[in-house]
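Each chain is listed here by its residues.
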Amino acid sequence: MGYNLGVVYDYIWGNDIKGYDICELENDPSFMLQVLERTMDKKMYDLCSDDVKEDYAFVRGVIKLFSSDLDFITEVANTYIDSLTEGEKIIGDEYSELNIIMSDLLGKTVNDFAIRAASFYEVERIRIRACVSVSDEDVRMQSREGFAFTAIQYERNPIIVDFVARRMINEALYGKKCDNLEYLIHKRFKSVEELENYGSMNFLYDYISEYDYILGEYAFDSNRVDMLSKFFDAPLKDIDRIKCYWDTYMDKLNAYRVYLVERELSEYLLDNPMVDLSFDEVLAYVTNKFHVTDVFKKYDTLVDLKYDGSKYKVLDISSVNLLSKVTNLTNRLFSSDVIDYSYDDLEPDRAKKDTDNQTNNRKIIDFSKIKKK
């Protein structure tokens, strides 16, 4: 109940309060929250009874009032959590919600609230994956990752739903089981101009909706425009960084492409010295075919890439095999602005020799990461 402000101020100023018992007032969460709202004095919290300090609505109100005083609200939150039984922590939403609220307020510092919030998310992901696994095909198509089941389960608790949505979006864009954001951008767009014309938000909407359609619709709900910044501020900043590093990325990617083609060609020629074609003639053929002559000239100024079609009309079988091999490799390397396989899979023999050096199944150009993991 809301108390008359006269009663609130009489309590604050220490006046006699007719019709009310002081102990009853100090045991009323609504009244004590009004006192705190009017005084903004943390000492008033100490006057509250234990029952008031263990009232969730009161605790949330205090945390909202004093959100900038991290030490104080940490004490308030811990007092409430300590009052809960293990069963209440498991069954009730309040425990999870409070950990999420405190984790957000405390930021990136390592703290118990963040650890418990992360644990809740992991358990929730297990639950919704199980729900997806037993759902019919229509449901799986609409919510491949299961966000719909979180939205239903916590329909009346937007804090939890938003938290799961944020974590799933981060998982989709940066998670260990998916391609990183830098990779996704370069795989989708050939230039900064193409990305800007399409729109960063449009790209994010397309990708998130493909990841989980219901999640995409929730995150981009036109009635919740104010929430977009919560979900996408970090990815948008990362995309801006990717734009800034675009030329650097392409420079290192092209240098790596040239290195791979020339390494493959050199090793083949060493193993097959009777091939009719020279190193330069093979490169001239493939660079002309894929219109990448200027790229190779930039990173290898010694090679002669002047193309003469007559040299390739009559070839021995070794030369044909070599051209086919280098052509296929060049096509794979230049078909998109990412290298989405381990180069060692091109040569099983080399894979055996280089096992100790192979660290993963995807070769990404090695320069400063856009997103800290």
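Reading guide: rules and limits
- Residues numbered from 1 in each chain as written.
- Predicted model: local features only at pLDDT ≥ 70, side-chain atom pairs only at ≥ 80, totals over all residues.
- Heavy atoms only, no water.
- Helix = DSSP H or I, 4+ residues; strand = E, 2+ residues; numbered from the N terminus.
- Buried < 20%, exposed > 50% of the residue type's maximum accessible area, 1.4 Å probe, protein only.
- Contact = heavy atoms within 4.5 Å.
- Areas by Shrake-Rupley, 256 points an atom, 1.4 Å probe, with all protein chains shown as cover.
- Lys, Arg positive; Asp, Glu negative; His and termini not counted.
- Salt bridge = Lys/Arg side-chain N within 4 Å of Asp/Glu carboxyl O.
- Expected span 1.5 Å × (residues − 1).
- Axes fitted to C-alpha atoms, helices over the stretch in contact; angles between N-to-C directions.
- Parallel < 35°, antiparallel > 145°, perpendicular 65-115°, else oblique.
- Nonpolar A, V, L, I, M, F, W, Y, C, P; charged D, E, K, R; others polar.
- Phe/Tyr/Trp six-rings, centres within 6.5 Å; stacked < 30°, edge-to-face > 60°.
- Left-handed = near helix turned anticlockwise from the far one by under 90°.
- pLDDT = per-residue confidence, 0-100.

Comments concerning the overall build of the protein
- Of regular secondary structure, the protein possesses 23 helices and 0 strands.
- Split into buried and exposed, the 373 residues of the protein put 44% on the buried side.
- Sequence separation of 24 or more characterises 63% of the internal contacts of the protein that already satisfy a separation of 6 or more.
- Total accessible area computed for the protein in this model is approximately 21,000 Å², and 49% of it derives from carbon and sulfur atoms.

Structural notes on the side chain of lysine 53
- Counting through the fold element by element, lysine 53 comes out in helix α5 (residues 50-53).
- Aspartate 46 is the oppositely charged side chain nearest to the buried, salt-bridge-free lysine 53, at an N-O distance of 4.7 Å.
- Filtering out sequence-adjacent residues up to four positions away, lysine 53 remains in contact with Tyr45, Asp46, Cys48, Phe58, Val59, Thr79 and Tyr80.

Digging into helix α9 (residues 93-106)
- Compared with an ideal rise of 1.5 Å per residue, which puts 14 residues at 20 Å, α9 spans 20 Å between its outermost C-alpha atoms and is within 8% of the ideal.
- Counting buried residues in α9 gives 10 out of 14 residues, a clear majority hidden from the surface.
- Among all positions of α9, only Tyr95, Ser96, Glu97, Leu98, Asn99, Ile100, Ile101, Met102, Ser103 and Leu106 are buried.
- Buried residues in α9 make contact with α6 (56-65), α7 (70-82), α8 (86-91), α10 (112-133) and α13 (158-174).
- Just downstream of α9, glycine 107 is the residue with a positive phi angle, here 75°.

Notes on helix α20 (residues 279-289)
- Those residues of α20 that fall on the buried side of the exposure criterion are Glu281, Val282, Leu283, Ala284, Val286 and Thr287.
- In the segment just after α20, histidine 291 is the residue with positive phi, at about 55°.

Observations regarding the packing of helix α14 (residues 181-188) against helix α19 (residues 246-271)
- Between α14 and α19, the shortest axis-to-axis distance is 12 Å and the interhelical angle comes to 80°. In terms of their interaxial angle, α14 and α19 are classed as roughly perpendicular. Across the interface between the two elements, Glu182, Ile185 and His186 from α14 touch Trp246, Tyr249 and Met250 from α19.
- Here the residues of the contact of α14 with α19 are counted per class, giving 4 nonpolar, 1 polar and 1 charged.

A few points about the side chain of serine 96
- Within the secondary structure, serine 96 sits in helix α9.
- The class for serine 96 is buried, based on a relative accessible area of 11%.
- With residues near it in sequence (within four places) discarded, serine 96 still touches Phe120 and Ile160.

Focus: the packing of aromatic side chains
- Under the defined criterion, the tally for this structure stands at 23 aromatic pairs.
- Look at tyrosine 285 and tyrosine 312: their rings are 5.1 Å apart centre to centre, the planes differ by 50°, and that puts the pair in the tilted class. Of this pair, tyrosine 285 sits in helix α20 while tyrosine 312 sits in the loop between α21 (293-299) and α22 (317-334), and the two are 27 residues apart along the sequence.
- Overall, the relative accessible area of 11% leaves tyrosine 312 in the buried class.

Points about the packing of α7 against α9
- Where α7 meets α9, the closest approach of the two axes is 11 Å, and the angle between their N-to-C directions is 165°. With respect to α9, the element α7 is oriented roughly antiparallel. Pair α7 / α9 crosses with left-handed handedness. Between α7 and α9, the contacting residues are Leu70, Ile73, Thr74, Ala77, Tyr80 and Ile81 on the first element and Glu94, Tyr95, Leu98, Asn99, Met102, Leu105 and Leu106 on the second.

Observations concerning the confidence of the model for the protein
- Taken as a whole, the protein shows an average pLDDT of 87; of its residues, 88% reach a score of 70 or greater.
- Counting interchain partners and residues more than four positions distant, the pLDDT-below-50 stretch residues 342-373 has 55 contacts.

Focus on the pattern of salt bridges
- As enumerated under the stated definition, the model contains 16 salt bridges in all.
- Between arginine 129 and glutamate 171 there is a salt bridge; the shortest N-O distance is 3.8 Å. Pair noted here: arginine 129 is in helix α10 and glutamate 171 is in helix α13, with a separation of 42 residues, a long-range link.
- Among the ionic pairs, lysine 298 bridges to aspartate 251, the shortest N-O distance being 3.3 Å. Here aspartate 251 lies in helix α19 and lysine 298 lies in helix α21, a separation of 47 residues in the sequence.
- Under the relative-accessibility criterion, lysine 298 is labelled exposed at 55%.
- Each of Arg125, Arg129, Glu145 and Glu171 takes part in a single network of salt bridges with overlapping partners.

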